[in-house]
There are 2 protein chains.
Amino acid sequence: MVVDQLDDTGIDRLFQALADPTRRDIVRRVTLGEYSVSGLAALYAMSFAAVQKHVAVLERASLVSKEKRGREQIVRGNHEGLQSVRRLLDEYEEIWRQRAARIADILAEEPKNN
Amino acid sequence: MVVDQLDDTGIDRLFQALADPTRRDIVRRVTLGEYSVSGLAALYAMSFAAVQKHVAVLERASLVSKEKRGREQIVRGNHEGLQSVRRLLDEYEEIWRQRAARIADILAEEPKNN
DNA sequence: CTGATCTACAACCATTTGGTTGTACGTTAT
DNA sequence: ATAACGTACAACCAAATGGTTGTAGATCAG
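Analysis parameters
Residues numbered from 1 in each chain as written. Chains lettered and ligands numbered in written order. Predicted model: local features only at pLDDT ≥ 70, side-chain atom pairs only at ≥ 80, totals over all residues. Heavy atoms only, no water. Near = heavy atom within 4 Å. Polar contact = N/O pair within 3.5 Å; in protein donor to acceptor, adjacent residues only side chain to side chain. Helix = DSSP H or I, 4+ residues; strand = E, 2+ residues; numbered from the N terminus. Nonpolar A, V, L, I, M, F, W, Y, C, P; charged D, E, K, R; others polar. Least-squares fit on C-alpha atoms with pLDDT ≥ 70 in both. Contact = heavy atoms within 4.5 Å. Buried area = accessible area lost by both parts, 1.4 Å probe. Salt bridge = Lys/Arg side-chain N within 4 Å of Asp/Glu carboxyl O. Pairing = 2+ DSSP bridges. Expected span 1.5 Å × (residues − 1). Buried < 20%, exposed > 50% of the residue type's maximum accessible area, 1.4 Å probe, protein only.

Novice: I would appreciate a short explanation of the protein's contact with DNA strand C in the present structure.
Specialist: Every one of the 20 residues lining DNA strand C counts as a neighbour, but A:Ser47, A:Lys53, A:His54, B:Ser38 and B:Gln73 are closest to it. In DNA strand C, the atoms that sit within 4 Å of the protein are 63% sugar and phosphate, with bases accounting for the remainder. With respect to DNA strand C, the backbone of B:Val37 contributes an N or O atom lying 3.2 Å from a phosphate oxygen. Between DNA strand C and B:Gln73, the relevant distance is 2.5 Å, taken from a phosphate oxygen to a side-chain nitrogen or oxygen of the residue. If you list the elements that add at least two residues to the surface near DNA strand C, you get α4 (48-60) of chain A together with α3 (37-41), α4 (48-60) and β3 (72-77) of chain B. Looking at the surface near DNA strand C, its residues break down into six nonpolar, seven polar and seven charged.

Structure, rendered in structure tokens:
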């Protein structure tokens, strides 16, 4: 997924990926340390396959990346993905800023007919 | 929903709510101007009920609020909700910062036995 | 009063999601 | 070589999601 110039589908995937507590926890973990998929699976009360699916969702969303090492698959955090989400949120904050500015303009407007 | 002190369910709702392009568009619109539910519904190629559901999802996530005015229900953006998401993202960025600091520490560590 | 408008909500449907178990295959260790 | 480990993937299931239509209650306009 291209993380700059995000299309709707990419944005959907990013937010969707973060809308699950297990996946958010995985993101935290793999940001601070290295984990294999089975290393991650050991942390949660669910099957290996379930964790594997969560990692796949995060990977499609560009929030983590996998790298094969021997028979293991090492999962690492992908900072670009997170930055994309952050930039998106910044855009929404910017819209609020515009709104505040617009309201200020209206209040500062020269009263003409009253 | 309490927007400070967010529990997992609240966070889930926030990200889930933002994981749909129609809902993201609604958030933008109602931030800049006032819209009734049917006013919003007129903007999209889907039924009134569908838009009503989208607004309900955003409301549960604390991203918008409704206010009854006559027979209309006015939808407005709720800045607190957005700020919650932003704070969450900031936490993840902070984790990355910690990671970077930790790596820097390791590199700066006094070599003792080589 | 009557009709049009706005909203709410239930019932239904197809698809997606988050989980399971089972099977197969490459890699490591004994 | 064989067993154990790590992964991938298919098939299945229940619940949630995103949409529909239909019905009903308020409110506003003529």
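There is more to say after this.
Novice: Can you help me understand the relation of the copies chain A and chain B in this one?
Specialist: Each of the two chain copies goes to the other by way of a rotation about an axis and a shift along it. Of the transformation placing chain A onto chain B, the axial shift is 0.0 Å and the rotation is 180°, giving an RMSD of 0.0 Å. Here the copies are linked by what is in effect a two-fold axis. With an isologous cut-off of 70% or more, the 100% of interface residues of chain A that recur at the interface of chain B puts this contact in the isologous class.

Novice: Whenever I open this one, the environment of B:Val55 confuses me. Can you help?
Specialist: Among the secondary structure elements, B:Val55 is positioned in helix α4. The contacts of B:Val55, once residues within four sequence positions are left out, are B:Ile26, B:Leu40, B:Val64, B:Lys66 and B:Val75.

Novice: Help me understand the interface of chain A and chain B, please; the structure alone is not making it clear to me.
Specialist: Contact residues are listed per partner, giving 31 residues for chain A and 31 residues for chain B. Buried area between chain A and chain B, both sides added, is near 3,300 Å², and the carbon and sulfur share of it is 60%. By the criterion of area lost to chain B, the three top residues of chain A are A:Leu32, A:Tyr92 and A:Trp96, representing 21% of everything that side buries. Counting every contact that joins chain A to chain B gives seven salt bridges. The interface formed by chain A and chain B holds eleven residue pairs in polar contact (both at pLDDT 80 or more) in total. Looking at the side of chain A that touches chain B, the elements that each hand over two or more residues are α1 (8-18), α2 (21-32) and α5 (79-108) of chain A.

Novice: Would you mind showing me how to read the pairing of strand β2 (residues 64-69) of chain A here?
Specialist: Two faces make up the sheet, and in a regular strand the side chains alternate between them. Residue and element names in this part refer to chain A. For β2 and strand β3 (residues 72-77), the ladder comprises six bridges, and the chain directions are antiparallel. Paired with Glu67 across the two strands is Ile74, which belongs to β3. Hairpin geometry of β2 and β3 is characterised by an intervening segment of two residues between the two adjacent antiparallel strands and by a positive phi of about 65° at Gly70.

Novice: Please clarify how helix α5 (residues 79-108) of chain B should be interpreted in this entry.
Specialist: An α-helix turns once every 3.6 residues. As a result, residues three or four positions apart point the same way. Over its 30 residues, α5(B) runs 42 Å from end to end, which matches the ideal 44 Å to within 8%, given 1.5 Å per residue. Those residues of α5(B) not exposed but buried are B:Gly81, B:Leu82, B:Ser84, B:Val85, B:Leu88, B:Leu89, B:Tyr92, B:Glu93, B:Ile95 and B:Trp96. Considering only its buried residues, α5(B) is in contact with α2, β3 and α5 of chain A together with α1 (8-18) of chain B. N-cap assignment for α5(B): the residue whose side-chain oxygen lies 3.2 Å from the backbone N of B:Glu80 is B:Asn78.

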